[in-house]
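Fold and contact review
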Amino acid sequence: MERRVISVAKEFSRYPAGRYQSDGPYSGEAFREKFLIPAVRSGATIVVDLEGARGYGSSFLEEAFGGLVRKGFPSAEILERISFQSQDGSLIQEIKDYIREARAPGAS
Amino acid sequence: MAAESCSAWGNVVTWGVVVAGWVVVHRATLSRERRKEQREAVRQIVEEIKVIEATAFEFHMAEVHSQLNANALTSKIDRVIRALQRQPLSILNVPIRPLIQFRKAITIENFDATGFAAQHANSQLIYGIRSAVDDLIHSIEFHRDKNIP
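1. A closer look at the environment of Tyr26 of chain A
Residues and elements named next belong to chain A. Within the fold, Tyr26 resides in the loop between helix H1 (8-12) and helix H2 (28-41). Through-space distance from the C-alpha of Tyr26 to that of Gly57 is 12 Å; in sequence the pair is 31 residues apart. Apart from the residues lying within four places of it in its own chain, the contact partners of Tyr26 are Phe12, Ser13, Tyr15, Pro16, Ala17 and Phe60.

Structure (structure tokens):
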């Protein structure tokens, strides 16, 4: 299986910020649409490298990763296919929480 | 001859005791200095957290959203959380949950331009930030007392 490494700082922005595209070009929604969804659809295993960025807001993280579940990708599949690289363990745990807690479309 | 030999041995023993004493005192001094530095690092990080709390209150209670201030807050929060997981503060072993709650309380709601609204001092969001900061500081101080004798 193909392995795709996505470096947020190198490929997207060192200053990721905002939840929606209306908040700016480096929002969680933009990251999800431009990088995460195409990578997931390609069938590759994905490594998201979180190092190098000047911090992440929770709204960015929730929209980027929790938003995948709301877009119809099952949380179990996302957790299996996407892994994370960061020296900050709290960041990885927080993202996994958002993936687990997000509601799939149509879920009550 | 026997007296000289006995005296030489006496000198060796005396010097041995002196060197061993110096090593013990030196180690105790180093250990005390290390603990002092660790306690100072804890004091500084607690101060930084309080500054972030005050800045977060100002940010959320402002009439207009400031992306510049949001970026500055994100960066400061990141620095503090990483510092707590690196030497010398990693000795504290602060659990991950209060760190997540700290970032989340400040940056998950009302943090972006879309839908930003000035908060009242007694709003749920402000209360949540205060609560997350208190929990984090409490956790740091609890683990300081436990891990830095």
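Now, onward.
2. A word on the interface of chain A and chain B
Between chain A and chain B, the contact holds 26 residues from the first and 20 residues from the second. Here chain A meets chain B over a buried area of about 1800 Å², counting both sides, of which 45% is carbon and sulfur. In terms of surface lost to chain B, no three residues of chain A exceed Asp23, Asp88 and Ser90 of chain A, which account for 24% of the buried area on that side. The tally of links from chain A across to chain B stands at four salt bridges.

3. Quick look at the side chain of Asp49 of chain A
Looking at the element boundaries, Asp49 of chain A is found in strand E2 (residues 45-49). Despite its burial, Asp49 of chain A pairs with no opposite charge; the closest candidate is Lys10 of chain A, at 5.5 Å N-O.

4. Here's the deal with the nonpolar core
Residue and element names in this part refer to chain B. The biggest cluster of nonpolar side chains holds 34 residues, and the ones touching the most others in it are Leu84, Phe102, Ile106 and Ile140. Of all elements in the fold, only helix H1 (2-61), helix H2 (67-83), helix H3 (96-107) and helix H4 (124-147) reach the threshold of two or more residues within this core. With nine residues, the single largest contributor to this core is H1. Excluding its chain neighbours within four sequence positions, the residues that come into contact with Leu84 are Ile45, Leu89, Ser90, Leu92, Val94, Leu99, Leu136 and Ile140.

Basis of the calculations
- Residues numbered from 1 in each chain as written.
- Chains lettered and ligands numbered in written order.
- Predicted model: local features only at pLDDT ≥ 70, side-chain atom pairs only at ≥ 80, totals over all residues.
- Heavy atoms only, no water.
- Helix = DSSP H or I, 4+ residues; strand = E, 2+ residues; numbered from the N terminus.
- Contact = heavy atoms within 4.5 Å.
- Buried area = accessible area lost by both parts, 1.4 Å probe.
- Salt bridge = Lys/Arg side-chain N within 4 Å of Asp/Glu carboxyl O.
- Buried < 20%, exposed > 50% of the residue type's maximum accessible area, 1.4 Å probe, protein only.
- Lys, Arg positive; Asp, Glu negative; His and termini not counted.
- Core = buried A, V, L, I, M, F, W, Y, C linked by side-chain atoms within 4.5 Å.

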